Every structure is written in structure tokens, then in C-alpha cells.
Amino acid sequence: MTNTNLDKLSKEQFQQLYPILLFEHNPKWFDKYEKEKNLIESLLQDDIAHINHYGSTSVPGLLSKPSIDILLEIKKSSDRDKIIGLMKKIGYSYINKSYCSETTIMFFKGYELCGYGENIFHVHLRYEDDWDELYFRDFLRSNPDLVKEYSELKLKIVNLYLNNRKKYTAAKTDFIQKTTILARKEISLPRNN
């Protein structure tokens, strides 16, 4: 799908064309992340502060949408407009601010006009800082009981919000916040993994 086609979809059209689908964990997601990470690093090497695989595909045993989330933290001196242009050159669509907060720029890759493609990536571009998502990821990785509990929650809500990402995310928020509070008390973060 070209940048223009994806950019023209309304939020409702996007959600109908790309419903929330959950899959068993696939170890190949780690290899796909590494390959995409290497591509991004070769393109933005001087701008990257940290790059991490996060989200459900980064946690073994966790049910997940098949999209690989990448947290790309850039240096405070980096030019976001330049990075947007470079990411578009490697097939990413830049999603306008109606899809994300003021502090986050999101890129999508792997969406087809007929639905999901084989390799789907979401890159979340942020300036360098501490991010709760990494605490959540690392805490889940070391707590299989929480992985099971989180998977069960996802199964419970996925059919309720199949075409509503905002409500699906909101239904997970309480679990994520409680787990992140525990994680921040117990772990320190390694960067870049």
C-alpha cells in the first residue's frame, strides 16, 4: 500500500479493513524485528538513541496481533521531519496526528489494500526518555503467570472490540498500569533490545 492510500483512510475505514486478530506467539517475530531494526539503524544511525522491540510480539508465550512494535528513540538534536522523509523511503506510511498523541509519531508498514500483509511493523518515534512499555515488556518476560493472565484478558475482550482499537486498548489499560507499577519497583531497564 502506498503512503497516500493509507493516509486517506479514515480511522473507521482503517479499523474495518484491519480488525484486531490475535495469534499464538511466533518465535519468527524476533528475527523479523532484528532484520527491520538493522534496516532502520543503517538508515538513521546518527539519530538513534535507543531502539527496542516491545509490545506483545516481544514476549514469548503471549497472544499477539501479528504487528511488530518498535520503539525508536531519537536524540534530542534529531530532525523529525528528516526522519519522516527517510522512513517513507523504506516503505513506511506516516500516520497523521489524529492517530497518535502529540508526543508520538507513528509509522506503519505492511498493510495491503486487501488487509494485512505478511510483515507488519509499527514504529513509534519518540525523543529519548524512559518508557513504561519497556518495563511492562521486561516484567512480562520474567513472569509467565502474568503472560497467561494477559493472554486470557485479550481473549476475553477481542471479540467485543474487534474493530475498535481504542476500546480494545482501553480495556487492557488497568492490567497494563498495575503491572507497570510493579515492574518499575522490581526491575531496571537494559536499553536496545
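Thresholds, definitions, all that
Residues numbered from 1 in each chain as written. Predicted model: local features only at pLDDT ≥ 70, side-chain atom pairs only at ≥ 80, totals over all residues. Heavy atoms only, no water. Helix = DSSP H or I, 4+ residues; strand = E, 2+ residues; numbered from the N terminus. Buried < 20%, exposed > 50% of the residue type's maximum accessible area, 1.4 Å probe, protein only. Contact = heavy atoms within 4.5 Å. Polar contact = N/O pair within 3.5 Å; in protein donor to acceptor, adjacent residues only side chain to side chain. Salt bridge = Lys/Arg side-chain N within 4 Å of Asp/Glu carboxyl O. Phe/Tyr/Trp six-rings, centres within 6.5 Å; stacked < 30°, edge-to-face > 60°. Pairing = 2+ DSSP bridges. Axes fitted to C-alpha atoms, helices over the stretch in contact; angles between N-to-C directions.

## Some points on the environment of Lys-154
Then, in step 1: The residue Lys-154 is located in helix H6 (residues 144–158) in this model.
Then, in step 2: According to the relative accessible area criterion, Lys-154 is buried, its value standing at 2%.
Then, in step 3: Once the C-alpha coordinates of Lys-154 and Leu-62 are considered, the two residues, 92 residues apart in sequence, prove to be 9.7 Å apart.
Then, in step 4: When neighbours within four sequence positions are excluded, Lys-154 is seen to be in contact with Leu-22, Ser-56, Leu-62, Leu-63, Ser-64, Tyr-168 and Lys-172.
Then, in step 5: Polar contacts involving the side chain of Lys-154 include one to the side chain of Ser-56, which spans 2.4 Å.

## Overview of the pattern of salt bridges
Then, in step 1: Scanning the model with the defined rule gives eight salt bridges in all.
Then, in step 2: Asp-47 serves as the salt-bridge partner of Lys-82, at 2.9 Å between the closest nitrogen and oxygen. On the criterion of sequence distance, the pair formed by Lys-82 in helix H4 (residues 80–89) and Asp-47 in the loop between helix H3 (28–44) and strand E1 (48–54) is long-range, its members being 35 residues apart.
Then, in step 3: Residue class for Lys-82 comes out partly exposed when judged on its relative accessible area of 42%.
Then, in step 4: Glu-152 is the partner of Lys-148 in a salt bridge, and the nearest nitrogen-oxygen pair spans 3.8 Å. Of this pair, Lys-148 and Glu-152 both sit in helix H6, four residues apart, which is roughly one turn of the helix.

## Side note on the packing of aromatic side chains
Then, in step 1: Per the stated rule, a full pass over the model turns up nine aromatic pairs.
Then, in step 2: Here Tyr-18 and Tyr-111 contribute two aromatic rings whose centre-to-centre distance is 4.6 Å and whose plane-to-plane angle is 75°, an arrangement assigned as edge-to-face. Note that Tyr-18 is positioned in the loop between helix H2 (11–17) and H3 and Tyr-111 in strand E4 (residues 105–112), a separation of 93 residues in sequence. A single burial state applies to Tyr-18 and to Tyr-111, both of which are buried.
Then, in step 3: Between Tyr-18 and Tyr-116 the ring centres are 5.5 Å apart and the planes differ by 55°, which places this aromatic pair in the tilted class. Here the residue Tyr-18 occupies a position in the loop between H2 and H3, and Tyr-116 occupies one in strand E5 (residues 115–127), the gap between them amounting to 98 residues.

## A short note on the sheet that holds E1
Then, in step 1: Taken in spatial order, the five strands of this open sheet run E1-E2-E5-E4-E3, and their pairing is mixed. Single-partner strands in this sheet number two, and they are E1 and strand E3 (93–95). Each strand of the sheet is rotated relative to its neighbour by a mean of 25°, with strand direction disregarded.
Then, in step 2: Pairing between E1 and strand E2 (residues 67–74): six bridges, direction antiparallel. Residue pairing for E2: His-53 is matched across the bridge by Ile-70.
Then, in step 3: Those strands touched by H3 are E1, E2, E4 and E5, and its axis lies near 165° from that of E1.

## Digging into the pairing of E5
Side chains on a regular strand alternate between the two faces of the sheet.
Then, in step 1: Relative to E5, E2 is paired through eight bridges, and the arrangement is parallel. In the sheet register, Ile-74 faces E5, and the bridge partner there is Tyr-127.
Then, in step 2: In this structure, E4 lies alongside E5, joined through seven bridges in antiparallel fashion. In the strand pairing of E5, Ile-105 is matched with Leu-125.
Then, in step 3: Hairpin remark: E4 followed by E5, antiparallel, with two residues in the connecting loop.

## Comments concerning the side chain of Asp-69
Then, in step 1: One can find Asp-69 in strand E2.
Then, in step 2: Within the local environment of Asp-69, its side chain forms a polar contact with the side chain of His-124, the two groups lying 3.1 Å apart.
Then, in step 3: Aside from chain neighbours lying at most four places away, what touches Asp-69 is Asn-52, His-53, Tyr-54, Gly-55, Thr-57, His-122 and His-124.

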